[in-house]
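# What the coordinates show
One letter stands for each residue in the lines below.
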Amino acid sequence: MSEGKPITCIAAVAYEAGKPLTVEEIVVDPPKAHEVRIKVEYTAVCHTDAYTLSGVDPEGAFPSILGHEGAGVVESVGEGVTNVKPGDHVIALYTAECKECKFCKSGKTNLCGSVRATQGKGVMPDGTSRFHNKKGEDLLHFMGCSTFSQYTVVADVSVVAIDPKAPLDKTCLLGCGVTTGYGAAVKTADVQKGDTVAVFGAGTVGLSVVQGAHVRGASKIIVVDINDEKKQWALEFGATDFVNPSKDLKDGETIVEKLVEMTDGGLDFTFDCTGNTDVMRSALEACHKGWGQSIIIGVAAAGKEISTRPFQLVTGRVWKGSAFGGIKGRSEMGGLVSDYMDGKLKVDEFITHRRGFTDINSAFEDLHHGDCLRTVLDLSK
Ligand SMILES: NC(=O)C1=CN([C@@H]2O[C@H](COP(=O)(O)OP(=O)(O)OC[C@H]3O[C@@H](n4cnc5c(N)ncnc54)[C@H](OP(=O)(O)O)[C@@H]3O)[C@@H](O)[C@H]2O)C=CC1
Ligand SMILES: N[C@@H](CCC(=O)N[C@@H](CSC=O)C(=O)NCC(=O)O)C(=O)O
Ligand SMILES: [Zn+2]
Ligand SMILES: [Zn+2]
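What counts as what
- Residues numbered from 1 in each chain as written.
- Chains lettered and ligands numbered in written order.
- Predicted model: local features only at pLDDT ≥ 70, side-chain atom pairs only at ≥ 80, totals over all residues.
- Heavy atoms only, no water.
- Donors = N, O, S within 2.8 Å, 3.2 Å for Na, K, Ca; no water.
- Tetrahedral: all angles 85-135°; square planar, octahedral: opposite > 155°, others 65-115°.
- Helix = DSSP H or I, 4+ residues; strand = E, 2+ residues; numbered from the N terminus.
- Buried < 20%, exposed > 50% of the residue type's maximum accessible area, 1.4 Å probe, protein only.
- Polar contact = N/O pair within 3.5 Å; in protein donor to acceptor, adjacent residues only side chain to side chain.
- Contact = heavy atoms within 4.5 Å.
- Near = heavy atom within 4 Å.
- Areas by Shrake-Rupley, 256 points an atom, 1.4 Å probe, with all protein chains shown as cover.
- Nonpolar A, V, L, I, M, F, W, Y, C, P; charged D, E, K, R; others polar.
- UniProt positions renumbered as here; feature names shortened; annotations may be inferred.
- Phe/Tyr/Trp six-rings, centres within 6.5 Å; stacked < 30°, edge-to-face > 60°.

## Let's talk about the coordination of the zinc ion (ligand 3)
Reference values for angles at a metal are 109.5 degrees in the four-donor tetrahedral case and 90 or 180 degrees in the six-donor octahedral case. The protein atoms donating to the zinc ion (ligand 3) are Cys46 (SG), His68 (NE2) and Cys176 (SG), with metal-donor distances spanning 2.0 to 2.3 Å. Because the angles between the four donor atoms bound to the zinc ion (ligand 3) fall within 94 to 126°, the donor set is best described as tetrahedral. Motif for the zinc ion (ligand 3), donor spacing along one chain: C-x21-H-x107-C. In this pair, Cys46 sits in the loop between strand S3 (35-44) and helix H1 (47-54) while His68 sits in the loop between H1 and strand S4 (69-77), placing the two residues 22 residues apart along the sequence. The same class applies to Cys46 as to His68, namely buried.

Written out as structure tokens, the structure reads:
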């Protein structure tokens, strides 16, 4: 019985920006009150993990245990935990849901204030870490999840139990990429039948937006990506058109002009899934005058800013953002898992690579190749 005792296990530690992760033994403390210790079975690598490790985002803190797209089984729970129990199959949530704070009760957002401040500092709600290396040094948590460890500890508001029949090696993708893009289309934007949509960036997030727009019956779904290898996937997930701005534009033509011309004046909805602030501007300006909405999903470095002529907004375009697709993790994850089990939500199709956990640095390299959407890591190997 491991309950109440520290567990020694393998984790991939990010000691320094721009350096590979160090796969080593760490010690994971037992969960304190309102905390849950999870045996992580599978995790995927999201662009945000790679971006944080790269050091481009100055908000990234080290040494830490990255990873936030993971699923596993509850090993033990701390005092006062009522929403999950040992043995439950769970997904870790980087967007918590306490159901009690001003945000949760507002009915207007999926953002939750309960653990946001400590999560941003890389510590548990009591201000301390549950992870220590063999030298006895504390390691920071990441996005309230830290799934690049065979065992992790999360706040009880940051975990949801799911149908035990759902395969964890697939549902781990619902912890971020698929949910984020799909939710941005069907919840944040609430795309309707006949709407026109453009998606910038055809990674897992962008293609999940495509999936959501297709499910809603959008009449035109244009995918914009600088990599032609993404075209086939875009069409498979429901895109009607693919534009590569590095080669499909006429001399002097901008991507905004091209999209406006393709849609008789601009799009009903555009989505940035690249994190590039110039792309964000193009996405806004490709929206239809009077009603077009552009949704920012991509993550840029802390300190980066977006700009456009105020006239773009004066004339009715709307700029908004979406975190975790606007999905409330504890209330709505069950529905997404059911949709997946019923064949209504594609998840398996995003898994292009599989590796053992100790090969995690290769999974980071995979993400930079055009042939990879998601690499799923098996934590038992
Ligand atoms: N708001 C939220 O809740 C979340 C945000 N994110 C963010 O969403 C973004 C997408 O994540 P993910 O799908 O995992 O990332 P990927 O890296 O898999 O996908 C991004 C895609 O955008 C392409 N791209 C890069 N630059 C441009 C450009 N200038 N124009 C068009 N396409 C471009 C990339 O091409 P190439 O591969 O050739 O570089 C790649 O195909 C990231 O910024 C990530 O951090 C992720 C999850 C949640
Ligand atoms: N460090 C960046 C912002 C990072 C960011 O926007 N994170 C996303 C999740 S990315 C998932 O892969 C998010 O949902 N943020 C909301 C939150 O409450 O953390 C910066 O400071 O600009
Ligand atoms: Zn992510
Ligand atoms: Zn809350």
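Moving on, there is more to tell.
## Digging into the side chain of Thr118
Among the structural elements, Thr118 can be located in helix H3 (residues 116-121). We classify Thr118 as buried; its relative accessible area is 16%. Within the local environment of Thr118, its side chain forms a polar contact with the backbone oxygen of Val115, the two atoms lying 3.2 Å apart. With residues near it in sequence (within four places) discarded, Thr118 still touches Val123, Met124 and Pro125.

## Quick notes on the site of ligand 1
In the vicinity of ligand 1, 27 residues are found, and the nearest of them are His47, Thr48, Asp225, Lys230 and Ile297. Within the side chain of Lys230, one N or O atom sits 2.6 Å away from an oxygen atom of ligand 1. Interatomic distance of 2.9 Å between a backbone N/O atom of Ile297 and a nitrogen atom of ligand 1. Expressed as a share of its isolated accessible area of 930 Å², the protein-covered part of ligand 1 is 85%. Listed by contribution, the elements that provide at least two residues to the shell around ligand 1 are H1 and helix H6 (204-215). The class makeup of the residues in the shell around ligand 1 is 13 nonpolar, eleven polar and three charged.

## Brief notes about helix H9 (residues 277-285)
Every buried residue of H9 is accounted for by Thr277, Met280, Ser282, Ala283, Leu284 and Glu285. In this fold, the buried residues of H9 make contact with strand S10 (196-200), helix H8 (255-262), strand S13 (269-272), strand S14 (293-296), helix H10 (310-314) and strand S15 (318-321). By the N-cap criterion, in which a side-chain oxygen at the helix start approaches the backbone nitrogen of a residue two or three places on, H9 is capped by Asn276, the distance to Asp278 being 2.8 Å.

## Regarding the UniProt feature "domain: Enoyl reductase (ER)" (unreviewed entry) in the protein
The UniProt record annotates "domain: Enoyl reductase (ER)" (unreviewed entry) at residues 18-377. Taken end to end, residues 18-377 is 27% helix and 22% strand, and its two terminal C-alpha atoms sit 21 Å from one another.

## Brief notes about the packing of aromatic side chains
Applying the stated criterion across every chain yields a total of three aromatic pairs. Each ring, one from Phe148 and one from Phe364, has its centre 5.9 Å from the other, and the planes form 75°; the classification is edge-to-face. With Phe148 in the loop between strand S7 (138-139) and strand S8 (151-155) and Phe364 in helix H12 (residues 360-367), this pair connects stretches of sequence that are 216 residues apart. Relative accessible area serves as the criterion here: at 0%, Phe148 is assigned to the buried category. According to the relative accessible area criterion, Phe364 is buried, its value standing at 7%.

## A few points about the coordination of the zinc ion (ligand 4)
In the first shell of the zinc ion (ligand 4), the protein supplies Cys98 (SG), Cys101 (SG), Cys104 (SG) and Cys112 (SG), at 2.3 to 2.4 Å from the metal. Its four donor atoms give the zinc ion (ligand 4) angles of 104 to 117° at the centre, a pattern that matches the tetrahedral case. Expressed as a motif, the donor residue spacing for the zinc ion (ligand 4) is C-x2-C-x2-C-x7-C. Pair noted here: Cys101 is in the loop between strand S5 (89-92) and helix H2 (102-106) and Cys112 is in the loop between H2 and H3, with a separation of eleven residues, a long-range link. This pair shows no difference in class: Cys101 is buried, exactly as Cys112 is.

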